[in-house]
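What follows is each chain in one-letter form.
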Amino acid sequence: MAKSKRPAFVFPELESRGRRTILRTTEEVSAELNALHEAEEEPKERVKVTYRFQPEAVEAVEDIRRILRRQHGVRKVNREDIAQAAVLEALRDLESNGPSSFLAREFGEAAS
Amino acid sequence: MAGASQPTIIAVANQKGGVAKTTTAVNLTALLALAGKRVLLVDMDPQGGCAVCLGMDTEALERSIYDALVKPEVGIADVVVPTAFDFDLAPANIDLAGAEIELKQALAAETVLQRKLKPVLDKYDYIVIDTPPSLGILTVNSLTAADKVLIPISAEYMALRGLRMLLDTLENVREVTNPGLKIMGILATRYDGRTINSREVYEYLREFCEREGLHLFPQVIKQSVRFAEAPGYQTPLVIWRKDLDGAKQYQKVAEEVINGEV
């Protein structure tokens, strides 16, 4: 009797069965992504605070607004937007540049 | 493209356990770093194997990838820790198991990792993602965030089970969340050329890849007890004993990756 050979190596499980892991559609995921982007773009509620400025700083805010409008065609900007953008930029500068930042130099010198 | 402002993001994925996903992710990351690349290793497996391989206590982590995935105020940069091997790690621990449930409540849950990685993309040339042995939301997140997927398959009959399911999942991810996802290649691991089974499986894999137009890495990773020993030395094998065959085999794979051949 002939000795049995090893069976041929077959693997039917490698045939596609079209199963899905993500049980959602592109449209469903995209709609949620759009909702997330819109939520990020929505302006956050503003809190009212009061700081006193010297007159030239008040004038500077007006000057910025005027220059943006006349020289750069920026129509939709108000005083609050300008003050807020300036403060946030000053913080970024302070965090990135530390002692060489504008605020550290300005007030470091004033203190010394 | 590596070296430009956008890194190449490689997911090391296979839902089968014990196929050397973590070994491949850790050693490939270490070799990319040795080649002077800026690399981040992201551990998306709740077993936290990457941190363990690098000698970190996963229970002592102040923050992990879990925090970045489920807490809106925590970014990837907040959880990244530098390693002793010139690359960064976003470590995981068992907390990440909870993210499987918590992420399902999130909007566009499949894309959380992709969105969280955006702020750190310009800091790295490569981001390597180690994925869990499942096809759940953590793996889907990893595949959605990736440019390419590297599939380690141990050269044994049982490991072929699920390859088709993984390929179907990759197709599914391309359709729904990441049309640009490419298969970098299939890497045969734990290959033992002394056994007929290993040789047969490898040959079958070679024919399958040829038929399906998939890249099979010409370099196999041979079975070696050294891979199991390396975590005990808290060092990737390719650094701990670069003279060993296993290290040289991963070196060949890394060269193929760096040269952009895959």
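Residues numbered from 1 in each chain as written. Chains lettered and ligands numbered in written order. Predicted model: local features only at pLDDT ≥ 70, side-chain atom pairs only at ≥ 80, totals over all residues.

1. Here's the deal with the overall build of chain B
Part 1: Each helix and strand in chain B was counted, giving 13 helices and seven strands.
Part 2: Here the C-alpha atoms of chain B give a radius of gyration of 17 Å, agreeing with the 18 Å that 2.2 N^0.38 yields for 262 residues.
Part 3: With respect to the principal axes defined by its C-alpha atoms, chain B has extents near 55 × 40 × 35 Å.
Part 4: Within chain B, the fraction of its 262 residues that count as buried is 51%.
Part 5: Of the contacts formed within chain B by residues at least 6 apart in sequence, a portion of 76% connects residues at least 24 apart. (Helix = DSSP H or I, 4+ residues; strand = E, 2+ residues; numbered from the N terminus. Rg over C-alpha atoms; globule rule 2.2 N^0.38 Å. Buried ≥ 20, exposed ≤ 12 C-beta atoms within 10 Å, placed from the backbone. Contact = placed C-beta atoms within 7 Å.)

2. Looking at helix α13 (residues 245–258) of chain B
Residues and elements named next belong to chain B.
Part 1: Taking 1.5 Å per residue as the helical rise, α13 with its 14 residues ought to reach 20 Å, and the 20 Å between its terminal C-alpha atoms agrees with that figure.
Part 2: Within α13, the full set of buried residues consists of Gly 246, Ala 247, Gln 249, Tyr 250, Val 253, Ala 254 and Val 257. In an axial view of α13, the angular spread of the buried residues amounts to 160 degrees, which keeps them on one side of the axis. In α13, the exposed positions angled more than 90 degrees off the buried face are occupied by Asp 245 and Lys 248.
Part 3: Those residues of α13 that are buried lie in contact with α1 (21–34), β7 (182–189), α11 (225–229) and α12 (237–240).
Part 4: One or two positions beyond α13, positive phi appears at Gly 260, with a value near 70 degrees. (Expected span 1.5 Å × (residues − 1). Arc of directions from axis to C-beta.)

3. Brief notes about the packing of α1 of chain B against α13 of chain B
Residue and element names in this part refer to chain B.
Part 1: Here α1 crosses α13 at 60 degrees, and the two axes come no closer than 9 Å. Taken together, α1 and α13 sit at an angle that is classed as oblique. As α1 packs across α13, the resulting crossing turns out to be right-handed. Of the residues in α13, those touching α1 at Asn 27, Leu 28, Leu 31 and Leu 32 are Tyr 250, Gln 251, Val 253, Ala 254, Val 257 and Ile 258.
Part 2: The residue inventory of the contact of α1 with α13, partitioned by class, reads eight nonpolar, two polar and no charged. (Axes fitted to C-alpha atoms, helices over the stretch in contact; angles between N-to-C directions. Parallel < 35°, antiparallel > 145°, perpendicular 65-115°, else oblique. Left-handed = near helix turned anticlockwise from the far one by under 90°. Nonpolar A, V, L, I, M, F, W, Y, C, P; charged D, E, K, R; others polar.)

4. Examining the interface of chain B and chain A
Part 1: Listed per partner, the contact involves 21 residues of chain B and 20 residues of chain A.
Part 2: Looking at the side of chain B that touches chain A, the elements with two or more residues in it are α9 (163–176) and α10 (196–212) of chain B.
Part 3: Top element by residues in the side of chain B that touches chain A is α9 of chain B. It accounts for nine residues.
Part 4: Across the side of chain B that touches chain A, the residue classes break down as 11 nonpolar, four polar and six charged.

5. Thoughts on the sheet that holds strand β6 (residues 148–154) of chain B
Note: strands within a sheet are paired through backbone hydrogen bonds, in either parallel or antiparallel orientation.
Residue and element names in this part refer to chain B.
Part 1: Taken in spatial order, the seven strands of this open sheet run β3-β4-β2-β5-β1-β6-β7, and their pairing is mixed. Both edges of this open sheet fall to β3 (81–82) and β7, since each of them pairs with a single strand only.
Part 2: The pairing of strand β1 (residues 8–12) with β6 spans three bridges and is classified as parallel. If you follow Ala 11 over to β6, its bridge partner there is Val 149.
Part 3: Helix α7 (residues 137–145) contacts β1, β5 (126–130) and β6 of the sheet and is inclined by roughly 150 degrees relative to β1. (Pairing = 2+ DSSP bridges.)

6. Remarks on the confidence of the model for chain B
Residues and elements named next belong to chain B.
Part 1: The predicted model of chain B averages 91 in pLDDT, with 97% of residues at 70 or higher.
Part 2: Element-level mean pLDDT values for chain B span from 78 in helix α8 (residues 157–160) up to 98 in β5.
Part 3: Here the prediction assigns the complex a pTM of 0.77, and the interface score ipTM is 0.72. (pLDDT = per-residue confidence, 0-100.)

7. Overview of the confidence of the model for chain A
Part 1: For chain A, mean pLDDT is 83; residues scoring 70 or higher make up 84% of the total.
Part 2: Across chain A, the element-wise mean pLDDT spans from 81 in helix α4 (residues 102–111) of chain A up to 91 in helix α2 (residues 55–72) of chain A.

8. Quick look at the pairing of β5 of chain B
Residue and element names in this part refer to chain B.
Part 1: The buried fraction of β5 is high, at five of five residues.
Part 2: Where burial is concerned, the two faces of β5 agree: the one with Tyr 126, Val 128 and Asp 130 and the one with Ile 127 and Ile 129 are both buried.
Part 3: In this sheet, β5 lies alongside β1 in parallel orientation, the contact comprising five bridges. Counted as the bridge partner of Ile 9 is Ile 127 from β5.
Part 4: In this structure, strand β2 (residues 39–43) lies alongside β5, joined through five bridges in parallel fashion. Within β5, the position partnered with Leu 40 by the bridge is Ile 127.

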